[in-house]
Amino acid sequence: MRRGRPGAPPRGTAERTLTSVGTGEDAGRDEPGAERPGAAQQAPEGGRQEASRLWHITLSVSGAKAPLNEVRRALEQLAHDHPFLLTSRYATDHAEIRYWEEARDLHDAAAVALRLWGEHRSTAKLPPWEIVGLEVIDRETYHQRLAEGYGPPPASPVGVHPF
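Please read these numbers as outputs of a predicted model, since none were measured by experiment.

(A) The arrangement of the nonpolar core in detail. Ranked by internal contacts, the top residues of the largest apolar core, which has 25 residues, are Leu 75, Leu 78, Ile 97 and Trp 117. Counting only elements with at least two residues in this core, the list comes to strand E3 (53–62), helix H1 (68–81), strand E4 (85–90), strand E5 (94–103) and helix H2 (106–120). Examining the composition of this core, we find that 5 residues originate from one element, H2, more than from any other. When near neighbours in sequence (up to four residues on either side) are disregarded, Trp 117 contacts Leu 59, Val 61, Leu 75, Leu 78, Ile 97, Leu 126, Pro 127, Trp 129 and Ile 131.

In C-alpha cells, the structure reads:
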C-alpha cells in the first residue's frame, strides 16, 4: 500500500516513493530456527530483506499563534485521517504528536513522519506551522526508557489534549 495522497508525488520524490511494508507475520513461519522480528530475513531471490519494526514517533511543530479551538479541531481531523496517532498535545503556537509507525528502518520511519504534517495540512486544515523537532526511537528503546523512569509516560489518555 502506498503512503500519502493519491495522484502526483510531492516535489523532490520523482524516483523514490515510500510504501508501507508487511508486518513480517508470515516471514519465517513454519521455518525451524526463524529469526527474531526486525532481523534480516532471507528474501525469495536469495538476498537479505529487513522485516518491518515499530518506531515511536514524536513530531513537534510550531509557528504563529492560531485560535486554540481551530488547532484542536485540526488535530482531531488529523487523528481521524491518520488513525495511528496516539496522542496530540497543543497550544496556540505549538503542538506535539506521538504515534507508532511501522517501517523497515529508522530512515523510512523518519521520512514518513516528516511528511505527515505537510501531507495533511490542507485536508485537516492544520496551521501553517513548521516541524521543529522529530524523535524516532525503536520499540525496545521506548520501553527501556519507560522502565528506567525516563521519557514520557505511555500515551494516555489517548486523544487530543491541551498542554
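(B) Broad picture of the sheet that holds E3. In space, the 5 strands of this open sheet follow the order E6-E3-E5-E4-E7, with mixed pairing throughout. The strands lining the two open edges of the sheet, one partner per strand, are strand E6 (130–138) and strand E7 (159–162). Geometrically, the sheet is characterised by an average inter-axis angle of 20° between neighbouring strands, direction not taken into account. Contacts between H1 and the sheet are confined to E4, E5 and E7, with E4 contributing the most and set at about 170° to the helix. Helix H3 (residues 139–147) contacts E3, E5 and E6 of the sheet and is inclined by roughly 90° relative to E6.

(C) Structural context of the side chain of Glu 119. Here Glu 119 shows up in helix H2. For Glu 119, a relative accessible area of 13% translates into the label buried. There is a polar contact of 2.8 Å between the side chain of Glu 119 and the side chain of Arg 115.

(D) Seen up close, H2. Between the first and last C-alpha of H2 there are 22 Å, a value that for 15 residues agrees with the 21 Å anticipated at 1.5 Å per step. Taken together, the buried positions of H2 are Asp 108, Ala 109, Ala 110, Val 112, Ala 113, Leu 116, Trp 117, Glu 119 and His 120. Buried residues belonging to H2 abut E3, H1, E4, E5 and E6. Capping the start of H2, Asp 105 holds a side-chain oxygen 3.2 Å from the backbone nitrogen of His 107, two or three residues further along.

(E) Representation of the packing of aromatic side chains in the model. One pass over the structure, following the stated rule, counts 2 aromatic pairs. With a centroid separation of 5.0 Å and an interplanar angle of 80°, the aromatic rings of Trp 100 and Tyr 142 are classed as edge-to-face. Of this pair, Trp 100 sits in strand E5 while Tyr 142 sits in helix H3; the two residues are 42 residues apart in sequence, bridging distant segments of the chain. The exposure class of Tyr 142 is buried, given its relative accessible area of 7%. Taking 6.3 Å as the distance between ring centres and 5° as the angle between the ring planes, the aromatic pair formed by Trp 117 and Trp 129 counts as stacked. Taken together, the positions of Trp 117 in helix H2 and Trp 129 in the loop between H2 and E6 put the pair 12 residues apart, joining distant regions of the chain. Across the pair, exposure class does not vary: Trp 117 and Trp 129 are buried alike.

Reading the values: rules and limits
- Residues numbered from 1 in each chain as written.
- Predicted model: local features only at pLDDT ≥ 70, side-chain atom pairs only at ≥ 80, totals over all residues.
- Heavy atoms only, no water.
- Core = buried A, V, L, I, M, F, W, Y, C linked by side-chain atoms within 4.5 Å.
- Buried < 20%, exposed > 50% of the residue type's maximum accessible area, 1.4 Å probe, protein only.
- Helix = DSSP H or I, 4+ residues; strand = E, 2+ residues; numbered from the N terminus.
- Contact = heavy atoms within 4.5 Å.
- Pairing = 2+ DSSP bridges.
- Axes fitted to C-alpha atoms, helices over the stretch in contact; angles between N-to-C directions.
- Polar contact = N/O pair within 3.5 Å; in protein donor to acceptor, adjacent residues only side chain to side chain.
- Expected span 1.5 Å × (residues − 1).
- Phe/Tyr/Trp six-rings, centres within 6.5 Å; stacked < 30°, edge-to-face > 60°.

Limitation: the analysis is restricted to geometry and does not speak to function.
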